[in-house]
Amino acid sequence: PRSTLFPYTTLFRSMLMTPASGRPRLLAARPGKDPIPFVQTQEETSWPFVMIGEREIAFEMGVAPNQTLAVASASDGRMIRRLSATKGLTVVSLASSPDGNTLYYVTSGTVWSIPATGGEPRKIASGDEVAADPSGRQLIVMRYEKEGDRLVRVSLPDGAETPLPFQSEFRMITEMSPNAVNRDGRILLGVQSPDSWWDEVAILDPKTGKVVKLEIPYSGDIDFPGWTPDGRIIAHGFPMRSSLWRFRREHF
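Rules used throughout
- Residues numbered from 1 in each chain as written.
- Predicted model: local features only at pLDDT ≥ 70, side-chain atom pairs only at ≥ 80, totals over all residues.
- Heavy atoms only, no water.
- Pairing = 2+ DSSP bridges.
- Helix = DSSP H or I, 4+ residues; strand = E, 2+ residues; numbered from the N terminus.
- Axes fitted to C-alpha atoms, helices over the stretch in contact; angles between N-to-C directions.
- Buried < 20%, exposed > 50% of the residue type's maximum accessible area, 1.4 Å probe, protein only.
- pLDDT = per-residue confidence, 0-100.
- Contact = heavy atoms within 4.5 Å.
- Phe/Tyr/Trp six-rings, centres within 6.5 Å; stacked < 30°, edge-to-face > 60°.

## What about the sheet that holds strand 5 (residues 45-52)?
In space, the 4 strands of this open sheet follow the order 5-6-7-8, with antiparallel pairing throughout. Across the chains shown, the open sheet's two edge strands, defined by having one partner strand only, are strand 5 and strand 8 (79-83). Sheet twist, expressed as the average angle between the axes of neighbouring strands with direction ignored, equals 25°. The pairing of strand 6 (residues 56-61) with strand 7 (residues 68-73) spans 6 bridges and is classified as antiparallel. When the bridges of strand 7 are listed, M61 appears paired with T68.

Here it is as structure tokens:
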């Protein structure tokens, strides 16, 4: 199964999700080091997850119907709290406000906000994925539609929506990172081109709709592109692997 990753803390550590004994588990990794369990628990820990400020990480914990969003220390994986109002919800996308005070999550086709310290959720808009604008005043929401995925900018707190142009031969794909938007508003997206079956990475200028694909010499899918705090880009590569088997006639 695929894993996902994103950068966090000034140490440029990464989080990834991978199966362990048949169950999803979040791992923390540093360059050159083997990944280790992020939280010491027997419960499932899984995507989606997002950095809250500089010291905490929110993620989904547990199994249905008792799963909740939980928060742990980014430095050592120590459990801090669970957001009880999200118990039983299947959260498919998660983002955080730049000040770390608010979490935005998507469940059942709706974007909600909830205080990062816990409290009552508030409905924001319809949507299937969400990323927070670094200005703290807007969200970028992706909606899955029959004609193709579509992006809208949602103003906070009034909920006013502005469709974002997407002028490209590429097709937008799902799995938008919570860190998809940088300080100048450019949006990192996964795309597919008409002449390739690979998932690739592109930058969308939301003012013009112009899409520029990044040229990356890699044979495989590249997904979950996100901006690092210092303006670099990090993404997860899934290489193409295959095996060719030969069978003697007596085997069939």
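## Some words on the pairing of strand 19 (residues 200-204)
Within strand 19, 5 of the 5 residues are buried, which leaves it mostly tucked inside the rest of the structure. Sheet topology places strand 18 (residues 187-192) next to strand 19; 5 bridges connect them, and they run antiparallel. Each residue of the ladder has a partner; that of I187, found in strand 19, is L204.

## Here we look at the confidence of the model for the chain
A residue-level look at the chain finds 92% of positions with pLDDT of 70 or above and a mean pLDDT of 87. A low-confidence stretch, residues 7-12 stays under pLDDT 50, and its non-local contacts, those more than four residues away or across chains, total 21 contacts.

## Topic: the packing of aromatic side chains
Evaluation of the coordinates by the stated rule reveals 3 aromatic pairs. A ring pair is formed by F38 and F59, whose centres lie 6.0 Å apart and whose planes are at 80°; its orientation type is edge-to-face. Of this pair, F38 sits in the loop between strand 4 (36-37) and strand 5 while F59 sits in strand 6, placing them 21 residues apart in sequence. F59 matches F38 in its accessibility class, with the two residues each being buried. Judged by centre distance (5.0 Å) and plane angle (65°), the rings of W47 and F224 are edge-to-face. A residue pair is termed long-range when its members are at least 10 positions apart, and W47 in strand 5 and F224 in strand 21 (residues 220-227) qualify at 177 residues. Residue W47 shares its accessibility class with F224, and that shared class is buried. Joined through ring pairs, the aromatic side chains of W47, F49 and F224 make up one cluster.

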